[in-house]
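Below are the chains, spelled out letter by letter.
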Amino acid sequence: MTDDIRTKKLMNAPEDIIPEAIEGMLSAHPDLLTVEGATRRAIVAKDGPRDGKVGIIIGGGSGHEPAFAGYVGRGLADAAAVGNVFASPSPEHIMDAARAVEGGAGVMFLYGNYTGDVMNFDMAAEECEGMGIPARSVQVTDDVASAPKGREKERRGIAGDFFVFKIAGAAAEAGRDLEACYAAAQHANDNCRSMGVALSACSLPQTGKLNFDLGPREMEIGMGIHGEPGMRRGHLESADAVSDELMQAILTDMELGKGDEVAVLVNGLGATGPLELYILHRRIAQLLGERDVKIHHSWVGEYCTSLEMAGASVTLLKLDDDLKTLLDMPCRTPALTVAGSLEPVGKRTRRTHAAASSTRGIERSDLAIDGPVTPERFRQMMLAIADAIHANRDWLSELDGVIGDGDHGVTMDIGWTAVRKELKDPTDETVSETCARMAKAFLDAVGASSGPLYATAFRKAGEAVSDRLNLDAGAMVAWIEGICAGIQSRGGAQVGDKTMIDAWVPAVAKARETLQSGGDVIACLEAACAGAKNGRDYTAEIESRRGRSAKLGERSVGHMDPGAASAHVMLVAMTEALRE
């Protein structure tokens, strides 16, 4: 990795980059946008939501501007949930958006097909249903480089978001009901194909380091918008040769013939300007003309970026009469305006939705009090984890940059920083109650995939020791088992998938084995550390089968999984804190 390189960014403090960017967007577009909800992460159209209209909610990680908030406005999205850089918004961010735009006709969530986005939006959809708000979800899957034909549901969502969002927004603006809006958006997704090329890496604001290596004369065909691996890496070629390769992949996957019509998007990834993008469009138009395929309309520019990455993507939307009608309908947003008259804004009624409370009191006199890990010692152990994750943030992000999008250390640090803030003062509570607070703090702060996974893990672990005030060796092992079970129940990963589970499962096994041999709390934690280290190291020997790194195949061998590495960091920190 390029350890000594620090990239330049116009920012104040990395931890303030999202709220300050949101503040700037609102001050730039006060006639179009506002922010609603306690999280301050739901950007809402001032004249979009209204009674009787399906609420259209888009969202994803920051760093792709103008996606996603740039497409909030009349005739397109009613709201966008804004995540951290390259990380999904949390369920609470999404719920702030849903509550703001729900007009009695239900809501529809649209987002790229990434593990973190799917988990967080699914949790929000479940919450909506529990509050009586009908909800549907559409995952955009346009990237032909990320899975072969016949496995379209496994594909990533990249710049095809642009077209799918536009169609969904127009359908809702036209007054279609929830199922009809869902059908239109899904139809657009089914007829949308994209392919990209990267010419340089990008860097996260928190690390200032390039999140993957790409040589000065190299390019990667098919690379994703977070630096995910593509189809091949090779020498930089001419604009026409690159266009030919991108279009060949798209046209092989999409049936286009004489007389068909398409919409074209030539999208810059952040550091490739219009001059080069128009050269690409020139060749794309030639290739479509040779097939007698008509271009109905083209967009050329930056519509879905990847921070400062150099490169471009090409997206085609195959049109029929309905898609063409919806595409041509007027809209007005910061990033996209389609000319035309819009109907006067309708009535908007503020609705109050209350989720059912599951809180119940704990009878402390019934709790077991034997064991050296008191609630206060446990709190100190959790604070030690927060310190250790922060100290290892850059290393964990570097590991992730090799096989993922480079944000794992940053994301974990954000989550554990929120936990540290939540637990900064001693309180008279049980370990289970502490775990419940940790779960909410972590999930609200992070989103991404780590948010739902560890929030569920903390809740499960807390439930596993809910009959105890203090933890003995058996309870400590049960807590670790709860962490592992929670992650597996939410994410579905198994041993051998090259994920954090490859560290947590052997950690549980070694801890349980030591417990059965009569080991005390420290001995069980030490055994868990050893098991996690073995599992962590094992991930370097296997191919990834889940998440973004699964697309690497054999290229993932030789690289440690960052989630497994952070699991080991956590257990070591707990053990050392208890020894003190």
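Look up: the structure comes first, before these words.
Residues numbered from 1 in each chain as written. Predicted model: local features only at pLDDT ≥ 70, side-chain atom pairs only at ≥ 80, totals over all residues. Heavy atoms only, no water.

Would you mind going over the overall build of the chain with me for this structure?
Summing up its helical and strand segments, the chain has 17 helices and 14 strands in all. Taking 25 Å as the expected radius of gyration for a compact globule of 580 residues, we find that the chain reaches 24 Å, a close match to that expectation. If one aligns the C-alpha atoms of the chain with their principal axes, the spans along those axes are about 75 × 55 × 45 Å. Scored against the burial criterion, the 580 residues of the chain give a buried share of 58%. For the chain, the proportion of contacts with a sequence separation of at least 24, taken over those separated by at least 6, is 74%. With an accessible surface of roughly 22,200 Å², the chain has 50% of that area assigned to carbon and sulfur atoms. Computed over 60 positive and 84 negative side-chain charges, the separation of the two mean positions in the chain equals 2 Å. (Helix = DSSP H or I, 4+ residues; strand = E, 2+ residues; numbered from the N terminus. Rg over C-alpha atoms; globule rule 2.2 N^0.38 Å. Buried < 20%, exposed > 50% of the residue type's maximum accessible area, 1.4 Å probe, protein only. Contact = heavy atoms within 4.5 Å. Areas by Shrake-Rupley, 256 points an atom, 1.4 Å probe, with all protein chains shown as cover. Lys, Arg positive; Asp, Glu negative; His and termini not counted. Charge placed at Lys NZ, Arg CZ, Asp CG, Glu CD.)

Sorry if this is basic, but what is going on with the packing of aromatic side chains here?
Aromatic ring pairs: the centre-centre distance and the angle between the two ring planes describe each pair. Evaluation of the coordinates by the stated rule reveals 14 aromatic pairs. With a centroid separation of 4.2 Å and 10° between ring planes, the pair formed by Tyr111 and Phe121 is classed as stacked. Residue Tyr111 is found in strand β5 (residues 107-112), and its partner Phe121 is found in helix α3 (residues 115-130); the two are separated by ten residues along the sequence. The pair formed by Tyr111 and Phe121 is uniform in burial state, with each residue classed as buried. Taking 5.6 Å as the distance between ring centres and 75° as the angle between the ring planes, the aromatic pair formed by Trp416 and Phe458 counts as edge-to-face. Here Trp416, found in helix α11 (residues 408-422), pairs with Phe458, found in helix α13 (residues 450-464); they are 42 residues apart in sequence, far enough to count as distant. (Phe/Tyr/Trp six-rings, centres within 6.5 Å; stacked < 30°, edge-to-face > 60°.)

Before we go on, may I ask you to explain α11 in this structure?
It helps to recall that an α-helix has 3.6 residues per turn; residues three or four apart then point in one direction. Compared with an ideal rise of 1.5 Å per residue, which puts 15 residues at 21 Å, α11 spans 21 Å between its outermost C-alpha atoms and is within 8% of the ideal. If you check which residues of α11 are buried, you get His408, Gly409, Val410, Thr411, Met412, Asp413, Gly415, Trp416, Ala418 and Val419. Tucked into the core, α11 has its buried residues touching α9 (375-391), α10 (393-403), α12 (431-446), α13 and α17 (562-579). (Expected span 1.5 Å × (residues − 1).)

Help me understand the sheet that holds strand β11 (residues 294-301) in this model?
Pairing between the strands of a sheet is mediated by backbone hydrogen bonds and can be parallel or antiparallel. Within the open sheet, the six strands sit side by side as β9-β8-β7-β12-β10-β11. Their pairing is mixed. Two strands bound the open sheet, and with one partner strand each, they are β9 (232-235) and β11. Adjacent strand axes in the sheet meet at a mean angle of 15°, parallel and antiparallel pairs treated alike. One ladder, built from eight bridges, connects strand β10 (residues 261-268) with strand β12 (residues 311-319); its direction is antiparallel. Looking at β12, one finds that Glu261 is bridged to Leu319. Across the sheet, helix α6 (residues 239-253) touches β7 (192-198), β8 (218-221), β9 and β12, and the angle it forms with β7 is around 155°. Along the sheet, helix α8 (residues 321-328) contacts β10, β11 and β12; its crossing angle with β12, the most-contacted strand, is approximately 125°. (Pairing = 2+ DSSP bridges. Axes fitted to C-alpha atoms, helices over the stretch in contact; angles between N-to-C directions.)

Whenever I open this one, the packing of α11 against α17 confuses me. Can you help?
Packed helices, taken two at a time, are described by the angle their axes make and the gap between the axes. Between α11 and α17, whose axes approach to 10 Å, the crossing angle comes to 40°. By the criterion of interaxial angle, the relationship of α11 to α17 is oblique. Between α11 and α17 lies a crossing of right-handed hand. Where α11 approaches α17, its residues His408, Met412 and Trp416 are matched on the opposing element by Pro562, Gly563, Ser566 and Met570. (Parallel < 35°, antiparallel > 145°, perpendicular 65-115°, else oblique. Left-handed = near helix turned anticlockwise from the far one by under 90°.)

I would appreciate a short explanation of helix α14 (residues 473-491) in the present structure.
In this model, α14 (19 residues) spans 27 Å end to end at C-alpha, consistent with the 27 Å of a helix rising 1.5 Å per residue. Within the sequence span of α14, burial applies to Ala473, Ala475, Met476, Val477, Ala478, Trp479, Ile480, Gly482, Ile483, Cys484, Gly486 and Ile487. Buried-residue contacts for α14 involve α9, α12, α13, α15 (501-516), α16 (521-538) and α17. Taking the backbone nitrogen of Gly474 as reference, a side-chain oxygen 3.3 Å away marks Asp472 as the first, capping residue of α14. One or two positions beyond α14, positive phi appears at Gly492, with a value near 80°. (Polar contact = N/O pair within 3.5 Å; in protein donor to acceptor, adjacent residues only side chain to side chain.)

Sorry, what's going on with the pattern of salt bridges here?
It is possible for side chains of opposite charge to pair when their charged atoms get near one another. Per the stated rule, a full pass over the model turns up 36 salt bridges. Glu261 is the salt-bridge partner of Lys294, the closest N and O atoms lying 3.9 Å from each other. You can see Lys294 sitting in strand β11 and its partner Glu261 sitting in strand β10, a full 33 residues away along the chain. The salt bridge involving Arg379 is made with Glu376; its shortest N-O contact spans 2.8 Å. With a gap of three residues between them, Arg379 and Glu376 both fall in helix α9, about one helical turn apart. Judged by relative accessible area, Glu376 falls into the partly exposed class, the value being 31%. One network of salt bridges, in which partners are shared, links Arg50, Arg74 and Glu173. (Salt bridge = Lys/Arg side-chain N within 4 Å of Asp/Glu carboxyl O.)

Got a minute to help me understand the pairing of β8 in this structure?
When a strand is regular, its side chains alternate between the sheet's two faces. By the bridge criterion, two bridges tie β7 to β8 in an arrangement that is antiparallel. Among the inter-strand pairings, Ala198 is bridged to a residue of β8, identified as Glu220. Summarising the sheet, β8 and β9 pair through four bridges and their orientation is antiparallel. Residue pairing across strands places Met219 opposite Gly234, the latter belonging to β9.

Got a minute to help me understand the side chain of Lys166 in this structure?
Here Lys166 lies in helix α4 (residues 161-173). Here Lys166 sits buried without a salt bridge, and the closest side chain of opposite charge, Asp328, lies 7.3 Å off (N-O distance). Not counting residues up to four positions away in its chain, the partners in contact with Lys166 are Leu76, Leu326, Leu327, Met329, Cys331, Leu336 and Val338.

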